Amino acid sequence: MRDATSQAETIPSLCRLCHAQCPVDVEVENGRTSRLRGARDNSVYEGFTCSKGRALPDLHASADRLLDSQVRRADGTHEPIPVARALDEIAQKIDRLLTTHGPRSVALYIGTHGYNNLLTTQVAGAFMEAIGSPMTFTSVTIDQPGKAISSALHGTWLGGPPTIEQADVWLATGTNPMHSMLGPVNPGRAFQRAKARGMKLVVIDPRRTEFARRADVHLQPRPGRDPAILAGMLRVILSEGLHDEAFLDRYAQGLDELRAAVEPFTPERVAAWADVPAEPLVAAARAYASGRRGVAVAGTGPNMAGRGNLTEYLSKVLMTVCGHWLQEGDVVTNPGVLIRWPERIAQAVGPADAWGFGERLRVRNLGDTAAGLPTAAAADEMLLEGDGRVRALINLGGNPLLAWPDQAKTHAALESLELLVSIDPTLSSTGRLSHYVVAPTMFFEAPGSSALSELLAAYVGWGYAQPYGQWAPTVVPTPQGSDLIDDWKALHGIAARLGKTLRVRPISVLDPAEQERHLVELTPGATLSSEDLWAELLREAPVPLDEVKSKPNGHVFAREATVQPSSPDATDRLEVGSVPMMEELAQIATEPSTRSTEPFPYRLISRRLPDLHNSSWHAHERRRRGGLSSPTFMNPDDLRALGLFPGQRIQITSAHATIVGVATEDQTLRRGVVAMPHCFGGVPGEDEETRVGGNTSRLSSTEVDYDPYTGIPRMSAIPVGIRAAPTSE
Ligand SMILES: Nc1nc2c(c(=O)[nH]1)N[C@H]1C(S)=C(S)[C@@H](COP(=O)(O)OP(=O)(O)OC[C@H]3O[C@@H](n4cnc5c(=O)[nH]c(N)nc54)[C@H](O)[C@@H]3O)O[C@H]1N2
Ligand SMILES: Nc1nc2c(c(=O)[nH]1)N[C@H]1C(S)=C(S)[C@@H](COP(=O)(O)OP(=O)(O)OC[C@H]3O[C@@H](n4cnc5c(=O)[nH]c(N)nc54)[C@H](O)[C@@H]3O)O[C@H]1N2
Ligand code: SF4
Ligand SMILES: [Mo]
C-alpha cells in the first residue's frame, strides 16, 4: 500500500468487478482512487476495459456503499454494528443452531462475488467442512450447470481444447462474449484477429447480437430448440462422412448410438422445429467440420432454456466427433502460471458420475450433482418443516432474492430463516432481509491476482490463451472511519469464535486427493493477511508468486509445453452416446415441431446488458442516471402488432406470475421473442412503486419444467403473454 498522504500516482492493478480481471492503471490521490484506465501496454488485454470497470473509483466512493456492518432492527430497518460484535452474535446463533438442529440447518450460498474473490471461495469451502454441513449452494446450478454435467457424461480430454489462437472454427450457442466477457479476454480483438487469419465463426442466437454480426453463419432460431439444431449438425457431419474416424476409433465410444439418435434430425425437420432454414444449418455443420481444431461452447441462454445439459453435451460431442481437441504434439499455449494443471496428454478420462451421489435434498428427488447442490431447491429446504430444515443462510457475494428462480418462493424462504447473513458492500435486496450484513473491503482495498481468469480455462473457450499472470497489491487504504473486513476474514472470524480450525484447499485444479496434501490450516488464532493467504494458497503455482509479483503490469511468462503421448495402457474413452442424453434426444424427436401458444405466444429469453453486472450497484446507477428501469426488448413489428410503443410500461405474464417492464425496440430480435435482463426489481411489492420494473425470476416456477438433476427451471425461452400495463400502475 502507498502512503495515504502522497500526491497523485498511478498504480497498476486489476479490475475485479467481473471475472475478466482486466489490468488497469489506477490513479491514486491522497489515498483515494480518482481515475482508472486500461493498462495500455499490456499485450494480452491491449488496454481493454468496459464502462463498468471504469466506474470503479466512483463505486469506492459511492453513497450506497456500506462503511459499517449492519444489524436488522425489529422494524426491518438496519443500523450499524461494529463488525467484531456482528461476528460474535452470528457465531453465537450458528453455534446454537448447530447444537439444536445439527449442521444441515446452516447453509451457504456462494454468489458471483463470492467467486470473483477466490480467497473467499476457498475459505468458504473449508468453513462448511469445519461445521460439517453439506448444504453449500452456488450460482453455478442457476447459471450453466450443463457444463459440469456434460463433462461428467462425456468424459474429459486431457490434451485440452484449442484456444482462440489455435481454433480454425468456433461454434457459440447462446452466448454473447462481447457483453458478457465469457470467452477469451478482450473478446472483440481476439475474435477480430482470429477471423483475420481465417477462423470461421458460427453463432446460434435468437438475437442478432454484437457477436452474431461477426459470424460467418448466424442461425437465428426459436429459443429453446438448440439440442435439435446441434443434433441436426451432427447428422449432417456423420452422414456426409466429415467426422474424424481415426480419433473416434481410438478415443471414443457410443458412435452407433449417437448416429441412431441424431437420425430423425434431418435439416428439414430441424427447420420445422427451430425455424432455421436447412441451407445455413448444413453450411454451419460443414464449416464446423472443415477445421482441424475447433471449439464448441454454449452460454447461459440455452442452459436456461430447457435441456441445457443436452445442449452442452452435444457441443462437446461435436468437438469429439470432429477430433477438434488438441492432439499429441500440439502446442499448449497456456501451460499455467498461477494455476497448476494436470499434464496435457493425448488421452481420455472416461465419464464420471453426473448425479446420484452425496447429499439428498428433501424435494423433487434432487441431490448432489457434478455441478453442485441444486440452488433452485434451496428455498424449499428452508420452507419445508421437519428434520434437516435449513434455518440459517450465509450469503457470500450473491443476491438470492433477485437471482434465484421463483422470487415469491425465495422471498418467503428468506423471511422464514432464523439467521440470514449477507457479506456485501451494499444493502442489496437480500441484504434488506438479512439479520446481519457484513461490510467487506472492496476491490482496490485488498490484493488480488489473475488466478480466477486463469482458472476459467477449465471451461472450453474461456480464459487466457497465453501463459499470462498478474498480481495486484492493495492500492488504497479503507475509507477513514470505516469498519470493514476482507470477506474471507469474516468467515474465519466466525469459525474462530466457534473454536474451529479451517483446512483450506489450494487454488488449483488438482484432484481432491492431491489438494488434500497441500491444505493450509487456519487456526482460530491465525493472523494471516490477505497477501499471506494468497501466497499460501498459490504455493504450488508453476511460476512462483514472487516472480509474478515482480512484473506489476502483468506479464506473459516463458512457459512452453506440447501435448504428450498417451500412456500405452490407457483404456478410457470419451462417451458420445450417453444413455440419458440419447434418451432426451429420442424424446425431442417425438415432440411436435410447434405447439399451441395461446395465451403465451411469446418466448422470453434472458440476456445481459453491457453496462450492468447482474444486480450489483443498481441503486448507485439509478441515482447516477436519474432512474433505471428494466428494459423489455421486442422486435418493432411485434410492438406495432400489439399496439404498443417504445417507453410504454408493459406487463409480461407467464403461467406463474406477471411482471412489469418498459417496452424497448430491438431490431436484432427475431419476432415472437422478448429479451429481458435479470436481477432488476427489488423486494416484492416495492418494485412497481419505485418504477424499477420487474424481476424476471418471478416468472419461473421451480416446480414445473425443471431439469431432473440440477433442478434448474426454465429461465429462458419462457412462454409469456405481453400487454400494456394498466395506467394506474
Ligand atoms: N431469471 C434469471 N435469473 C438468473 C439469471 C438469468 O439470466 N435470468 N442468471 C443467473 C446467473 S448466470 C447468475 S450467476 C445468478 C447471479 O446470482 P447472484 O450471484 O446471487 O447475484 P448477483 O447479482 O451477481 O449478486 C452479487 C452480489 O454481490 C455484491 N457485491 C458486489 N461487489 C462485491 C464485493 O466486492 N464483495 C462482496 N462480498 N459482494 C459484492 C453485490 O452487491 C450483489 O448483491 O443469477 C442467475 N439468475
Ligand atoms: N456486462 C455484463 N457481463 C456479464 C454479466 C452481466 O450481467 N453483465 N453477467 C455475468 C454472468 S453471471 C454470466 S453467467 C455471464 C453470461 O454470459 P453469456 O452466457 O454470454 O450471457 P449473455 O450475454 O446473456 O448471452 C446469452 C445469449 O443467449 C441468447 N439466448 C437466450 N435464450 C437462448 C436460447 O434458448 N438459445 C440460444 N441459442 N440462445 C439464447 C441471448 O439472446 C444472449 O445473446 O456473463 C457475465 N458477464
Ligand atoms: S470487463 Fe469486467 S474486469 Fe474488465 S473492466 Fe469490465 S467489469 Fe472490469
Ligand atoms: Mo452467472
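Counting from 1, residues in each chain are numbered in the order their sequence is written. The naming scheme follows written order: chains are lettered A onward, ligands numbered 1 onward. Whole-chain, interface and lining totals are the exception, using all residues; otherwise, since this is a predicted model, local features are given only for residues with pLDDT of at least 70 and side-chain atom pairs are given and counted only at 80 or more. In computing side-chain values, all of the structure's heavy atoms are included and hydrogens and water are not.

Caption draft 1: View of helix 11 (residues 255-262). Categorising residues by exposure relies on relative accessible area from a 1.4 Å probe, with only protein chains included: less than 20% of the type maximum marks a residue as buried, more than 50% marks it as exposed, and the intermediate range marks it as partly exposed. For helices the rule is a DSSP run of H or I covering at least 4 residues; for strands it is a run of E covering at least 2, with both sets numbered from the N terminus onward. Looking only at helix 11, the buried set comprises Leu-258, Ala-261 and Val-262. For helix 11, the angular spread of buried residues about the axis comes to 90 degrees, placing them on one side. Opposite its buried face, helix 11 presents the exposed residues Asp-256 and Ala-260, each directed more than 90 degrees away. We call two residues in contact when some of their heavy atoms are within 4.5 Å. At its buried positions, helix 11 is contacted by helix 9 (226-239), helix 15 (308-321) and helix 25 (579-590). Each C-beta atom gives one direction from the helix axis, and the arc is the one those directions make.

Caption draft 2: Quick peek at the site of ligand 2. Any residue with a heavy atom lying within 4 Å of a molecule or strand is counted as near it. As a matter of local geometry, ligand 2 sits amid 33 residues, with Ser-180, Asp-205, Asp-226, Thr-300 and Leu-612 nearest to it. Polar contacts here mean pairs of N or O atoms no more than 3.5 Å apart (in protein, one a potential hydrogen donor and the other a potential acceptor; neighbouring residues in sequence count only if both atoms are side-chain atoms). Between Asn-176 and ligand 2, the recorded distance is 2.9 Å, taken from a backbone N or O atom to an oxygen atom. Separating a nitrogen atom of ligand 2 from a side-chain N or O atom of Asp-226 is a distance of 2.7 Å. Taken by itself ligand 2 offers 920 Å² of open surface, and the protein chains cover 97% of this. Elements with a minimum of two residues in the shell around ligand 2: helix 7 (177-180), helix 14 (300-304) and strand 27 (602-606). Examining the composition of the shell around ligand 2, we find that three residues originate from one element, helix 14, more than from any other. Using a 1.4 Å probe, accessible areas were evaluated by the Shrake-Rupley method; residue-level cover was limited to the displayed protein chains.

Caption draft 3: Summary view of the sheet that holds strand 2 (residues 23-29). Strand order across the open sheet formed by three strands is 1-2-3, with antiparallel pairing between neighbours. A single partner strand is all that each edge strand has here, and the edge strands are strand 1 (9-14) and strand 3 (32-38). Geometrically, the sheet is characterised by an average inter-axis angle of 35 degrees between neighbouring strands, direction not taken into account. Two strands make a pair as long as DSSP finds a minimum of two bridges between them. The pairing of strand 1 with strand 2 spans six bridges and is antiparallel. Note on strand 2: the bridge partner recorded for Thr-10 is Glu-27. Each axis is a line fitted through C-alpha atoms, and for a helix only the stretch in contact is used; angles between axes span 0 to 180 degrees, taken between their N-to-C directions.

Caption draft 4: Layout of the packing of aromatic side chains. Aromatic pairing here means that ring centres of Phe, Tyr or Trp (its six-membered ring) are within 6.5 Å. Orientation follows from the plane angle: under 30 degrees is stacked, over 60 is edge-to-face, and everything else is tilted. Counting across every chain of the model gives 13 aromatic pairs. Here Trp-157 and Phe-247 contribute two aromatic rings whose centre-to-centre distance is 5.0 Å and whose plane-to-plane angle is 65 degrees, an arrangement assigned as edge-to-face. Separated by 90 residues along the polypeptide, Trp-157 in strand 8 (residues 156-157) and Phe-247 in helix 10 (residues 245-251) bring together distant segments of the chain. For Phe-247, a relative accessible area of 3% gives the class buried. For the cation-ring pair, Lys-549 lies above Trp-471, with the distance from its terminal atom to the ring centre recorded as 4.7 Å. A cation over an aromatic ring shows up here: Arg-607 above the ring of Phe-633, its NZ or CZ 4.4 Å from the ring centre. As a reminder, the over-ring test applies to NZ of lysine and CZ of arginine, requiring each to be within 6 Å of the ring centre and within 35 degrees of the ring normal.

Caption draft 5: Molecular detail of the site of ligand 3. Every residue close to ligand 3 is listed here: Cys-15, Leu-17, Cys-18, Ala-20, Gln-21, Cys-22, Phe-48, Thr-49, Cys-50, Lys-52, Gly-53 and Met-181. Gly is put with the polar residues, along with every residue not named as nonpolar or charged; the nonpolar set is Ala, Val, Leu, Ile, Met, Phe, Trp, Tyr, Cys and Pro, and the charged set is Asp, Glu, Lys and Arg. Its residues placed into classes, the shell around ligand 3 shows eight nonpolar, three polar and one charged.

Caption draft 6: Focus on the packing of helix 9 against helix 15. Here helix 9 crosses helix 15 at 20 degrees, and the two axes come no closer than 9 Å. Considering their axes alone, helix 9 and helix 15 lie roughly parallel with respect to each other. The chirality of how helix 9 crosses helix 15 is left-handed. Across the interface between the two elements, Asp-226, Pro-227, Leu-230, Ala-231, Leu-234, Ile-237 and Leu-238 of helix 9 pack against Leu-310, Thr-311, Leu-314, Ser-315, Val-317, Leu-318 and Val-321 of helix 15. When the residues that make up the contact of helix 9 with helix 15 are grouped by side-chain class, the tally is eleven nonpolar, two polar and one charged. Orientation is classified from the angle alone, with under 35 degrees giving roughly parallel, over 145 giving roughly antiparallel, 65 to 115 giving roughly perpendicular, and any other angle giving oblique. By convention the crossing between two helices is left-handed if the near helix lies anticlockwise of the far one by an angle smaller than a right angle, and right-handed if it lies clockwise.

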